[in-house]
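Chains, contacts and geometry: an overview
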Amino acid sequence: MVEIEIDGQKVAVPPGSMVMHAAEKAGVYIPHFCYHKKLSIAANCRMCLVDIEKAPKPMPACATPVAMGMVVRTKSDKAVKAQKAVMEFLLINHPLDCPICDQGGECQLQDLAVGYGGTRSRYEEEKRVVFHKNVGPLIAMEEMSRCIHCTRCVRFGQEIAGVMELGMSHRGEHSEIETFLGASVDSELSGNMIDLCPVGALTSKPFRYAARTWELARRRSISPHDSTGANLVVQVKGDRVLRVVPYENEAVNECWIADRDRFSYEALNSPDRLTQPMVKQGGQWNEVDWKTALEFVAQGLQGVRERHGAGALGLLASPHATVEELWLARALMAGLGSSNIDHRLRSHAFDHAAPAGRARWLGLPIAELSSLDRALVVGSNLRKDHPLFAQRIRQAVRKGAQVSALAAQRPDWAMPLHAVLQAPATHWAETLARVAVALAEALGVARPAGTEGVTADETARAIAASLRGGERKAVLLGNAAAHHERAASLLALAQWIAQHTGARWGYLTEAANTVGAQLVGALPGEGGLDAQRMLGGGLKAAVLLGVEPGADTAGDGAALREAELVVTLSPFKTNLELSDVLLPVAPFTETSGSFVNAEGRLQSFQAVVKPLGQTRPAWKVLRVLGNLLQLSGFDFESSAQVLAAALPGVADGGFVPAARLDNATTAPIDLTPAQRVPCVASIYQLDALVRRAPALQATADARAARVAAAEGVCA
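Reading the values: the criteria
Residues numbered from 1 in each chain as written. Predicted model: local features only at pLDDT ≥ 70, side-chain atom pairs only at ≥ 80, totals over all residues. Heavy atoms only, no water. Helix = DSSP H or I, 4+ residues; strand = E, 2+ residues; numbered from the N terminus. Rg over C-alpha atoms; globule rule 2.2 N^0.38 Å. Buried < 20%, exposed > 50% of the residue type's maximum accessible area, 1.4 Å probe, protein only. Contact = heavy atoms within 4.5 Å. Areas by Shrake-Rupley, 256 points an atom, 1.4 Å probe, with all protein chains shown as cover. Lys, Arg positive; Asp, Glu negative; His and termini not counted. Charge placed at Lys NZ, Arg CZ, Asp CG, Glu CD. Salt bridge = Lys/Arg side-chain N within 4 Å of Asp/Glu carboxyl O. Domains from an automatic or database assignment. Pairing = 2+ DSSP bridges. UniProt positions renumbered as here; feature names shortened; annotations may be inferred. Phe/Tyr/Trp six-rings, centres within 6.5 Å; stacked < 30°, edge-to-face > 60°. Core = buried A, V, L, I, M, F, W, Y, C linked by side-chain atoms within 4.5 Å. Axes fitted to C-alpha atoms, helices over the stretch in contact; angles between N-to-C directions. Parallel < 35°, antiparallel > 145°, perpendicular 65-115°, else oblique. Left-handed = near helix turned anticlockwise from the far one by under 90°. Nonpolar A, V, L, I, M, F, W, Y, C, P; charged D, E, K, R; others polar. 1 Å grid on protein atoms, 1.4 Å probe; cavity = no way out; pocket = protein on both sides within 12 Å on 5 of 7 lines; lining within 4 Å. Points joined across faces, edges and corners; volume = space filled by probe spheres on them. Expected span 1.5 Å × (residues − 1).

Scanning the chain from terminus to terminus reveals 21 helices and 27 strands. In terms of C-alpha radius of gyration, the chain reaches 28 Å, essentially the compact-globule figure of 27 Å for 715 residues. The principal-axis extent of the C-alpha atoms belonging to the chain is close to 90 × 70 × 50 Å. With 715 residues in all, the chain has 61% of them scored as buried. Sequence separation of 24 or more characterises 70% of the internal contacts of the chain that already satisfy a separation of 6 or more. As displayed, the chain offers around 27,700 Å² of accessible surface, 52% of which is attributable to carbon and sulfur atoms. Separation of charge centres in the chain, based on 73 positive and 74 negative side chains, amounts to 4 Å.

Next comes the structure, spelled out in structure tokens:
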């Protein structure tokens, strides 16, 4: 460790650290704009100039390495004079438009100008003007004259997002931040540039002129989309969500969130919201009160059970539903005597589930993705399916990690790949078997049973050789691998490869609560129907918990029209052709609940706004249904009580017991080609919220998904 003195305080930091790092450790604030702890050092704003003993002039704290015995003064006359001089230069061309700037009230330049700016400007010449730019539906670059050229946005694109979409053109006072050839900014992480910008140059286009920052109440929440479980700060004005920004959690999402986490809130205020229970009578939808609607549902379920037996009842649940909702849904079906419940809506095979009470999971902590030495990713569009996981793996690659992939098309993950096994999705099992065979040949061990006749090719040998090196290794199965007809064989092969290379293996997992759904038993019981068979017409009465057949499922669910009763619980007016009853249930911002993310971490959240209209939390609706059906065990007064029953002993922010997270399999390996291509949702079709967010649906990714859907490709 290197010991230095900052403002009279001794602090020890590792060799190679900068003065800024030492100041952060000592709790000493040094003003800065271009420095950010997650980005490379640029040292181009010069605001962090400090007085270093024996140095002939002030030095930038962010780019000056520490040396043993160094004495640093951040508040001496020399340092403060230099900082004030820099501030004067930064304000020369900056427009004096704070009253109309969206960044007003949370602007670093505004804050530091109070402490380091002069009372008047000595600059009397004309200020420069930079023409506005249109870079897409998410980021507003309408006032680029405010830009101070800190290049945080440029470095973010290069280093975190992996795509250099913004750059600096020209020189001197003619410098501009812009895209290349007028292109749009299309990264799935682009919204983070808004947070990084220290001034009002890059702002949120959907939030533009919606409210002042001091008018907003701030409340913590958890993302309901992918399996990262990103921590959020939801900003509210008058019971209306107006903005979502990241809450820093180094172990989960660091200080980043994906664009679908940030902008999906638009759907919460959608005209498509369902705010009153509705019952279809004579082909017409009529609004009713809750008592009427729930009694109609209870009587309908009882009637179907009496006429056709409990096996004719079933429930399809979204893996984006909370732990509490899924546990009560399972209890409701069990109380009615039915084993028909499933959350695996897009799957083509159902023979690779974990043992009862356990769950398939990531196989390692999320934070360790950043420090992998070797990885093999099977059947995942990693960058779009799991943007924050991809970001972590991208950091590992920057440190020298080798990442290989098995995919139908050469993936664009915005990172260099060591090797790619490219094969039609229907042949993935046989293709992955080539890696196992190459590994068996290299190690001199018997190949796995079921791979007789498979020969390794050069690419498979390169992947096998890569996995034999390094210390921290993982074999990760993506959404397409989980939904694949040969999912059990892919898991068995991944397990064999991992066990023979010292790697860990697991699923990236699709949704916010895929792991939680398994743990609470949102799966068919003995003799129960899986999602595919329920969607195929195996039911006389169906309950759809947050499910939109066709959008959330592998099939279109048209056979559900033959059922006598279909009940939809959703925040939106949906399934109008299929359903007989629509029950308005709360989205994640209007209810309390919990998700279990890919690493098995339980994260709870509270409602941040009042439910809209007559909307009610889904867990309360299910509880009252249980009461009306006179089922035992439905006497909960709060979601916390439901959680305690569903996952006893697991605290908020804590982990599910390791014994309940299980990726082991004894399934035989079947290399027969699959008959169907796995159905995987595109990034902005994953759930009901993102599908109804106008800004997200105007992005390049959403447009591409619509083209694919029009061509008959599952999206």
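Right, let's talk about the pattern of salt bridges for a bit. Applying the stated criterion to the full structure yields 40 salt bridges. The closest approach of N and O atoms between Glu5 and Lys10, which form a salt bridge, is 3.8 Å. Judged by relative accessible area, Glu5 falls into the partly exposed class, the value being 23%. Its salt-bridge partner being Glu106, residue Arg243 comes within 2.9 Å of it at the nearest N-O pair. Residue Arg243 is located in strand β13 (residues 241-246), and its partner Glu106 is located in the loop between α2 (77-90) and α3 (108-116); the two are separated by 137 residues in the primary sequence. Three or more residues are tied together by salt bridges with common partners; here these are Asp272, Arg346, Glu510, Glu548, Asp552, Arg691 and Arg692.

Before going further, it helps to spend a moment on unusual backbone geometry. Even without glycine at this site, Leu181 takes up a positive phi of about 55°. For Gln630, which is not glycine, the phi torsion reads 60° and is therefore positive. Secondary-structure assignment places Gln630 in the loop between α17 (618-628) and α18 (639-646). By relative accessible area, which is 72% here, Gln630 ends up exposed.

What follows concerns the domain arrangement of the chain. We note that the domain assignment places domain 1 (2-92), domain 2 (134-155 + 162-267), domain 3 (278-353 + 530-660) and domain 4 (366-508) within the chain. A C-alpha centroid distance of 56 Å is found between domain 1 and domain 3.

Our focus in this paragraph is the pairing of strand β14 (residues 278-281). The pairing of β14 with strand β15 (residues 284-287) spans 4 bridges and is antiparallel. Residue pairing across strands places Val279 opposite Asn286, the latter belonging to β15. If you look at the hairpin formed by β14 and β15, you'll find 2 residues sitting between the two strands, and Gly282 has a positive phi there, around 65°. Both β14 and strand β25 (residues 581-584) contribute to a ladder of 2 bridges, which runs antiparallel. Each residue of the ladder has a partner; that of Met278, found in β25, is Leu582.

Here the focus is the UniProt feature "domain: 4Fe-4S His(Cys)3-ligated-type" (unreviewed entry) in the chain. The positions that UniProt labels "domain: 4Fe-4S His(Cys)3-ligated-type" (unreviewed entry) are, in the present scheme, residues 78-117. Helix makes up 55% of residues 78-117 and strand 0%, and the two end C-alpha atoms of the span are 16 Å apart.

Right, let's talk about the packing of aromatic side chains for a bit. Per the stated rule, a full pass over the model turns up 3 aromatic pairs. Summarising the aromatic geometry, the rings of Trp327 and Phe636 are spaced 5.7 Å apart at their centres and angled 80° between planes, so their arrangement reads as edge-to-face. Here the residue Trp327 occupies a position in helix α8 (residues 323-335), and Phe636 occupies one in the loop between α17 and α18, the gap between them amounting to 309 residues. Taken as a pair, Trp327 and Phe636 share a single burial class, namely buried.

Here the focus is the nonpolar core. Phe33, Met47, Ile139, Phe156, Leu166, Leu202 and Val241 are the most contacted members of the largest nonpolar core, which has 77 residues in total. Membership of the second largest hydrophobic core comes to 58 residues, among which are Leu326, Leu336, Val543 and Val621.

With that out of the way, let us pick up the packing of α8 against α18. When two helices pack together, their arrangement is given by the angle between the helix axes and by the axis-to-axis distance. Here α8 crosses α18 at 65°, and the two axes come no closer than 9 Å. By the angle between their directions, the pair α8 and α18 is classed as roughly perpendicular. In terms of crossing hand, the pair formed by α8 and α18 is left-handed. Taken together, the residues of α18 that come into contact with α8 (itself represented by Val323, Glu324, Trp327 and Leu328) are Ser639, Val642, Leu643, Ala645 and Ala646. Split by residue class, the contact of α8 with α18 holds 7 nonpolar, 1 polar and 1 charged.

The subject of this paragraph is the packing of α8 against α17. Close contact between α8 and α17 brings their axes to 9 Å; oriented N to C, the two are set at 20°. With respect to their mutual orientation, α8 and α17 come out roughly parallel. α17 is crossed by α8, and the crossing has left-handed handedness. In this structure, α8 contributes Glu324, Glu325, Leu328, Ala329 and Leu332 to the contact, and α17 contributes Ala618, Trp619, Leu622, Leu625 and Gly626. Residue composition of the contact of α8 with α17, by class: 7 nonpolar, 1 polar and 2 charged.

Strand order in the open sheet formed by 5 strands is β20-β19-β18-β21-β22, and the pairing between neighbours is parallel. Each having just a single partner strand, β20 (419-422) and β22 (504-507) make up the two edges of the open sheet. Direction aside, neighbouring strands of the sheet carry axes that sit 15° apart on average. Strands β21 (473-477) and β22 of the sheet are contacted by helix α14 (residues 487-499), whose axis makes an angle of about 160° with β22.

This brings us to the UniProt feature "domain: 4Fe-4S Mo/W bis-MGD-type" (unreviewed entry) in the chain. Under the local residue numbering, the UniProt record ascribes the feature "domain: 4Fe-4S Mo/W bis-MGD-type" (unreviewed entry) to residues 216-272. Segment residues 216-272 splits into 9% helix and 32% strand. End C-alpha atoms: 25 Å apart.

Our focus in this paragraph is the layout of surface pockets. In this model, the second largest pocket occupies a volume close to 750 Å³. As for the second largest pocket, its lining consists of 27 residues, and the residues nearest its centre are Ile194, Asp195, Leu196, Val245 and Pro246. At the level of elements, α5 (192-196), β10 (203-204), β13 and α6 (259-263) are the ones that each hand at least two residues to the lining of the second largest pocket. Ranked by residue count, the leading element in the lining of the second largest pocket is β13, at 4 residues. In the lining of the second largest pocket, the residues fall into 13 nonpolar, 6 polar and 8 charged.

Taking 1.5 Å per residue as the helical rise, helix α7 (residues 290-308) with its 19 residues ought to reach 27 Å, and the 27 Å between its terminal C-alpha atoms agrees with that figure. Taken as a whole, α7 has its buried residues at Trp290, Ala293, Leu294, Val297, Ala298, Leu301, Gly303 and Val304. On its buried face, α7 is in contact with β14, β16 (313-317), β23 (541-545), β24 (565-570), β25 and α17. Note on α7: the residue one or two positions beyond its end, Gly309, has a positive phi of about 95°.

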